[in-house]
Amino acid sequence: MTRKTTPPVGTEHLSDQRHAAFWKEATSATRCVSANRLADIGWFDDNEEGARFCADAVLSGDKTATSTLAATARSYVPGDLEIVTLFDGTPVALIEITHVDERPFGSIDDAFARLEGDCSLNQWRETHERYYGARLSERGEVLSEDTPLLRIFFRRLYPL
């Protein structure tokens, strides 16, 4: 699912003590490099249940990719680090962006849907048609097979 994000760049945005403690623990355990690589803190999905499902999928290794509307996306750069949280902001994982590309909504295939943690392309399309349709409707736009998405691939760095 699309990430619900906050706008941090670097560790100066770690005002939440939970995030600061998690960042210190994760970077110590993984020997991650500079703090300026922290690009985002947030959760996947737009509800508590979905955020928990996605966080669990990241932790189990079932989720190693996500997608977002290209028109509303921040800049994603391979090497950026992100703290994945639950819906309440509790940090659960540190991920690193490994690859980003742009594809039309209609070109998403079963293999990518499974990397997102969905069981099938049909499940992915049902979920994302609802989600992206609602986001685009807020902007006075309509989801189509040609709507550009960013596919964002990542690897979990922590917990190990």
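See the structure above.
This structure is a prediction, so every number in the text was calculated from the model and none was measured. Residue positions are given per chain, counted from 1 along the sequence in the order it is written. Local features in this predicted model are restricted to residues whose pLDDT is 70 or higher, and side-chain atom pairs enter the listing and the counts only when it is 80 or higher, whereas totals over whole chains, interfaces and linings include all residues. Hydrogens and waters are ignored; side-chain quantities use all the structure's heavy atoms.

Trainee: Honestly, the overall build of the protein chain in this entry has me stumped. Any pointers?
Mentor: The helix count covers DSSP runs of H or I at least four residues long, the strand count covers runs of E at least two residues long, and both are numbered beginning at the N terminus. When its secondary structure is counted, the protein chain shows four helices and six strands. Seen in sequence order, the protein chain has helices and strands lined up from the N terminus as β-α-β-α-β-β-β-α-α-β. Each residue is placed in one exposure class: buried if its accessible area under a 1.4 Å probe, protein chains only, is under 20% of its type's maximum, exposed if it is over 50%, and partly exposed if it falls in between. Evaluated residue by residue, the protein chain yields a buried proportion of 45% over its 160 residues. In this analysis, two residues are considered to be in contact whenever any of their non-hydrogen atoms come within 4.5 Å of each other. For the protein chain, contacts bridging at least 24 residues in sequence account for 76% of all contacts bridging at least 6. Here, Shrake-Rupley sampling with a 1.4 Å probe gives the accessible areas, and only protein chains in the shown set may cover a residue. Entry remark: accessible area of the protein chain is about 7,900 Å², with carbon and sulfur atoms responsible for 51%.

Trainee: Hey, could you run me through the environment of A71 in this one?
Mentor: One can find A71 in the loop between β3 (65-69) and β4 (81-85). Sequence separation between A71 and L149 is 78 residues; the distance between their C-alpha atoms is 8.0 Å.

Trainee: How do you make sense of unusual backbone geometry when you look at a structure like this?
Mentor: Both trends apply: most residues other than glycine have a negative phi, and most peptide bonds are in trans. That bond from Y158 to P159 is cis: its omega, 0 degrees, falls within 30 degrees of zero. Locating P159 in the fold gives a position in the segment after β6 (148-158). In the Ramachandran plot, D45 falls in the positive-phi region, its phi being about 85 degrees despite a non-glycine side chain. Tracing the sequence through the fold places D45 in the loop between β2 (38-44) and α2 (48-60).

Trainee: Sorry if this is basic, but what is going on with the pattern of salt bridges here?
Mentor: Where charged atoms from two side chains of opposite charge approach closely, those side chains can pair. For this document, the term salt bridge refers to a Lys or Arg side-chain nitrogen within 4 Å of an Asp or Glu carboxyl oxygen. Tallying each qualifying case throughout the model produces 16 salt bridges. For E82, the salt bridge goes to R74, with nearest N and O atoms at 2.3 Å. For E82, a relative accessible area of 1% puts it in the buried group. One network of salt bridges, in which partners are shared, links D40, R74, D80 and E82.

Trainee: Is there a simple way to explain helix α1 (residues 17-30) in this structure?
Mentor: Taking 1.5 Å of rise per residue, the 14 residues of α1 would be expected to cover 20 Å, and the 20 Å separating its terminal C-alpha atoms lies within 8% of that figure. In the core, the buried residues of α1 are packed alongside β2, β4, β5 (91-104) and β6. Count one or two residues on from α1 and you reach R31, which has phi positive near 55 degrees. To estimate the expected span of a helix, count its residues, drop one, and scale the result by 1.5 Å.

Trainee: I'm lost on helix α4 (residues 121-138) in this one. Help?
Mentor: Helical geometry note: an α-helix holds 3.6 residues per turn, so side chains three or four residues apart project in the same direction. Taking 1.5 Å per residue, 18 residues should reach 26 Å; α4 reaches 25 Å between its end C-alpha atoms and fits that length. W124, R125, H128, Y131, Y132 and L136 are the residues of α4 that are buried. Next to the buried residues of α4 lie β3, α3 (110-115) and β6. Phi turns positive one or two residues past the end of α4, at G140, with a value near 75 degrees.

Trainee: Teacher, can you tell me more about the nonpolar core here?
Mentor: Note on soluble globular proteins: their nonpolar side chains tend to be buried together. Within this scheme, the nonpolar core is defined by two criteria: the residues are buried Ala, Val, Leu, Ile, Met, Phe, Trp, Tyr or Cys, and they are joined through side-chain atoms within 4.5 Å. Counting 14 residues, the largest nonpolar core has F44, V58, V84, V92, I95 and F154 as its most contacted members. Within the residue set of this core, elements represented by two or more residues are α2, β5 and β6. Per-element tally for this core: the top contributor is β5, with four residues. Once residues lying within four places of it in the same chain are set aside, the contact partners of I95 are F44, V58, D80, L81, E82, V84, F154, R155, R156 and L157.

Trainee: I would appreciate a short explanation of the packing of aromatic side chains in the present structure.
Mentor: Aromatic ring pairs are defined here through the distance separating the ring centres and the angle between the ring planes. For this analysis, a ring pair means two rings from Phe, Tyr or Trp (six-membered ring only for Trp) whose centres lie within 6.5 Å, classed as stacked if their planes differ by under 30 degrees, edge-to-face if by over 60, and tilted for the remaining angles. Taken as a whole and judged by the stated rule, the model has seven aromatic pairs. Between F22 and Y158 the ring centres are 5.6 Å apart and the planes differ by 65 degrees, which places this aromatic pair in the edge-to-face class. Here F22, found in helix α1, pairs with Y158, found in strand β6; they are 136 residues apart in sequence, far enough to count as distant. The exposure class of F22 is buried, given its relative accessible area of 9%. For Y158, a relative accessible area of 12% translates into the label buried. Centre to centre, the rings of F112 and F153 are 5.6 Å apart; their planes meet at 75 degrees, and the pair counts as edge-to-face. In this pair, F112 sits in helix α3 while F153 sits in strand β6, placing the two residues 41 residues apart along the sequence. Residues F112 and F153 agree in their burial class; the two are buried. Ring-pair connections join several aromatic residues into one group, and the members of that group are F105, W124, Y131 and Y132. By definition here, charges over rings are those cases where NZ of Lys or CZ of Arg is within 6 Å of the ring centre and within 35 degrees of the ring normal. The ring centre of F44 lies 4.7 Å from the NZ or CZ of K63, which sits over that ring.

The analysis is restricted to geometry; functional conclusions fall outside its scope.
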